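# Descriptive analysis of the structure
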Amino acid sequence: MENSKGNIGKKAVVGTIYTLTGDYLGYVINFIRGIILARLLAPELFGIFAMADFYQSLFGQPNQIGLDQAVIQRKDKLEEAYNGHLLIKLISAGVSLILAVAAAPILFKFYDHRIVWALYGLMSVVLLQSLSATQTTYLRKHFAFKKISLIQIVSALITFGVSIYLAWAGYGVWALVSVHVVMAVVTLLLQWLASPWRPTRKLDKNVNREMLGFGITIWVGGIFSFVMLQFDDFLVGQFAGILTLGFYAKAYSLAQHPLGLFAQAVNNVAAPLIAEVKNAPEKLEKAMNLMLGLVYKGTVFVGMIFFIWSPQIITLLIGEKWLPAVPFLRGLIIYLLTRPLWDIVGTFLTYTNRPRLFVKGQAVQALGLVLAGTGAVYKFGGAGAALSVSSILFLTTVYYLIKHVGSTVRVDWKNIFILPTLAMMSSGFLSWQLIKLWFNEGIIFWFVLCFLPLTLYVLMLLLLQRRVLVQDVRYLYQKAGLKTTVTPS
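Residues numbered from 1 in each chain as written. Predicted model: local features only at pLDDT ≥ 70, side-chain atom pairs only at ≥ 80, totals over all residues. Heavy atoms only, no water.

### Considerations on the overall build of the protein chain
- Helix and strand content of the protein chain: 16 helices and 0 strands.
- Among the 489 residues that make up the protein chain, the fraction classed as buried is 55%.
- Put simply, of all contacts in the protein chain between residues at least 6 apart along the chain, 82% involve residues at least 24 apart.
- Total accessible area on the protein chain stands at roughly 22,300 Å², and carbon and sulfur atoms take up 67% of it. (Helix = DSSP H or I, 4+ residues; strand = E, 2+ residues; numbered from the N terminus. Buried < 20%, exposed > 50% of the residue type's maximum accessible area, 1.4 Å probe, protein only. Contact = heavy atoms within 4.5 Å. Areas by Shrake-Rupley, 256 points an atom, 1.4 Å probe, with all protein chains shown as cover.)

### A word on the pattern of salt bridges
- As enumerated under the stated definition, the model contains 6 salt bridges in all.
- Here Lys77 makes a salt bridge to Asp204, at a shortest N to O gap of 3.3 Å. One end of the pair, Lys77, is in the loop between helix 3 (67-72) and helix 4 (78-102); the other, Asp204, is in the loop between helix 8 (173-194) and helix 9 (205-240), and 127 residues separate them in sequence.
- Classification of Asp204 as buried rests on a relative accessible area of 15%.
- By sharing partners, the salt bridges in this structure join Glu44, Asp112 and Arg114 into a single network. (Salt bridge = Lys/Arg side-chain N within 4 Å of Asp/Glu carboxyl O.)

### Description of the confidence of the model for the protein chain
- Scored by pLDDT, the protein chain has a mean of 84; 88% of the residues are at 70 or more.
- Segment residues 1-6: pLDDT under 50, and 1 contact once partners within four positions in sequence are set aside and those in other chains are kept.
- Confidence over residues 481-489 falls short of pLDDT 50; this stretch has 10 contacts with residues more than four positions distant or in other chains. (pLDDT = per-residue confidence, 0-100.)

### A short note on the nonpolar core
- Ranked by internal contacts, the top residues of the largest apolar core, which has 116 residues, are Leu37, Tyr55 and Leu107.
- Element by element, the count of residues in this core is highest for helix 11 (residues 281-318), at 17 residues.
- Residues in contact with Leu37, not counting those within four places in the same chain, are Phe46, Ser163, Ile164, Ala167, Ala175, Leu176 and Val179.
- One finds Ala70, Leu86, Phe143 and Phe145 within the second-largest nonpolar core, a separate group that totals 21 residues. (Core = buried A, V, L, I, M, F, W, Y, C linked by side-chain atoms within 4.5 Å.)

### Points about the packing of aromatic side chains
- Under the criterion given, the structure shown has 27 aromatic pairs.
- Seen in terms of ring centroids, Trp342 and Phe358 are 4.8 Å apart; in terms of plane orientation they differ by 35°. Their pairing is tilted. Taken together, the positions of Trp342 in helix 12 (residues 326-351) and Phe358 in helix 13 (residues 355-380) put the pair 16 residues apart, joining distant regions of the chain.
- Here Trp342 and Tyr400 contribute two aromatic rings whose centre-to-centre distance is 5.2 Å and whose plane-to-plane angle is 75°, an arrangement assigned as edge-to-face. Taken together, the residues span a long stretch of sequence, with Trp342 in helix 12 and Tyr400 in helix 14 (residues 382-405) at a distance of 58 residues. Just as Trp342 is buried, Tyr400 falls in that class too.
- Here the aromatic residues Phe54, Tyr55, Phe59, Tyr111, Phe226, Phe231 and Phe234 are joined through ring pairs into a cluster of three or more.
- Its guanidinium or amino end placed over the ring of Trp432, Lys436 lies 4.1 Å from that ring's centre, counting from NZ or CZ. (Phe/Tyr/Trp six-rings, centres within 6.5 Å; stacked < 30°, edge-to-face > 60°. Lys NZ or Arg CZ within 6 Å of the ring centre and 35° of its normal.)

### A word on helix 11
- Between its first and last C-alpha, helix 11 extends only 48 Å over 38 residues, short of the 56 Å set by a 1.5 Å rise per residue.
- Where helix 11 bends most, the angle comes to about 85°, and this point is Trp309, followed within four residues by the proline Pro311.
- Positive backbone phi, at 100°, marks Gly319, one or two positions downstream of helix 11. (Expected span 1.5 Å × (residues − 1). Bend = angle between axes of the 7 residues up to and from the residue.)

### Structural notes on the environment of Val181
- Tracing the chain through its elements places Val181 in helix 8.
- Val181 sits in the partly exposed class, given a relative accessible area of 22%.
- Once you skip the residues sitting within four places of it in the chain, Val181 turns out to touch Gly121, Ser124, Val125 and Leu128.

### Thoughts on helix 9
- Between its terminal C-alpha atoms helix 9 stretches 49 Å, which fits the 52 Å expected from 36 residues at 1.5 Å a residue.
- Along helix 9, the helix axis deviates most sharply at Gln230, where the bend reaches about 45°.
- The N-capping residue of helix 9, defined by a side-chain oxygen 2.8 Å from the backbone nitrogen of Asn206, is Asp204. (Polar contact = N/O pair within 3.5 Å; in protein donor to acceptor, adjacent residues only side chain to side chain.)

### Things to note about the packing of helix 13 against helix 14
- In the contact formed by helix 13 and helix 14, the axes pass within 8 Å of each other and the chain directions differ by 155°. Relative to helix 14, the element helix 13 lies roughly antiparallel. Judged by the sense of rotation from one axis to the other, the crossing of helix 13 with helix 14 is right-handed.
- When the residues that make up the contact of helix 13 with helix 14 are grouped by side-chain class, the tally is 14 nonpolar, 9 polar and 1 charged. (Axes fitted to C-alpha atoms, helices over the stretch in contact; angles between N-to-C directions. Parallel < 35°, antiparallel > 145°, perpendicular 65-115°, else oblique. Left-handed = near helix turned anticlockwise from the far one by under 90°. Nonpolar A, V, L, I, M, F, W, Y, C, P; charged D, E, K, R; others polar.)

Below, the structure written as structure tokens:
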């Protein structure tokens, strides 16, 4: 039993490595795909897709019951849980499809028909994801992150080819829709090949009831999260227009992957890890502080690069026609920095048996966006949306870290947030001055931009918190099973 417990840390660290590898390779593929699509397609098409995606998420809410988390945290009757998970997922997907079809007359009356047909193309993804969700949950619960990463890479490669061809061939918004549909199809096939679990008739009403009780709490929070994540798209599309929504959505997606990628990888592994160590206070505190620190140190640096050099980055990657997205990108930086931290807070509260507390925070965020965001977008357009979602998420995240996470474990604010922020600000200002004075835009400019800010940032981190960084590296090194004689202080 002790060896099994000891292997949890190793599985978590190795799982993080595999997840990061898959996520970063997938990110590179998807990032290049996004650049090519942005150059091939008009900004308005991205607005059409963003509005269709909003309604797909709206009608897909019945399928978002938090059954994945309910299964991952279970320790008994797993066969019954997996079977119940698949059954409930399929039923909820059917409900989502019925809602979307029933809304057709209203949608066709008030929206461009391209938006509505794109919506129905995306609704097929709901069914496909329901068929693969149980296999995904099985692989995550068994720390099979190597398989998950390989599936992610293969899916991204196939999706890349199909979507680029459709855009080049003149299929317009369907090239964007194909990204989600093809990804869902390939993922479905590969996950059923990778997972040994197969459905049986073994069901248990009590298990299903327990999962629904746990999952519905997560689902209610998910509804509020949906409002926080996508209601701003709806507001921008309704009040500022589909073209502005195209710029807004592209600004969000351009920074979303590099800012949230590392956090997503850590958070995927954090869920089963916290579920295992939640009854060991010292291990829980160490794990939580380590995850928060890793995520913030990585995202705050990338956020600084995007904020300072967004005009140059946008022009280089997707062309001058997308420069109206610059103020939206800068306005969303705080939101995109804070979102990964909020997700980790949610994982922490969920797997320490306080999901309702997290749901309350999501409700506050959703209500704040509906009330404050609507007025801000009506008056200031996309910039109002960016500033609204950033402010609301930042304030609630800080409050929850102080009030609710801090009541369970000690959050090391100095080493997790304060010193990395100082390192980011000093290295960002210094590198900005040096690059602006000495380098013009060109090959040398981009070479320097890739290495100078990062070098200065790392040097500042080492200057400000070398001892803590060394301890964290040693801890990860030990947990990965690479060195067993090191004892972290």
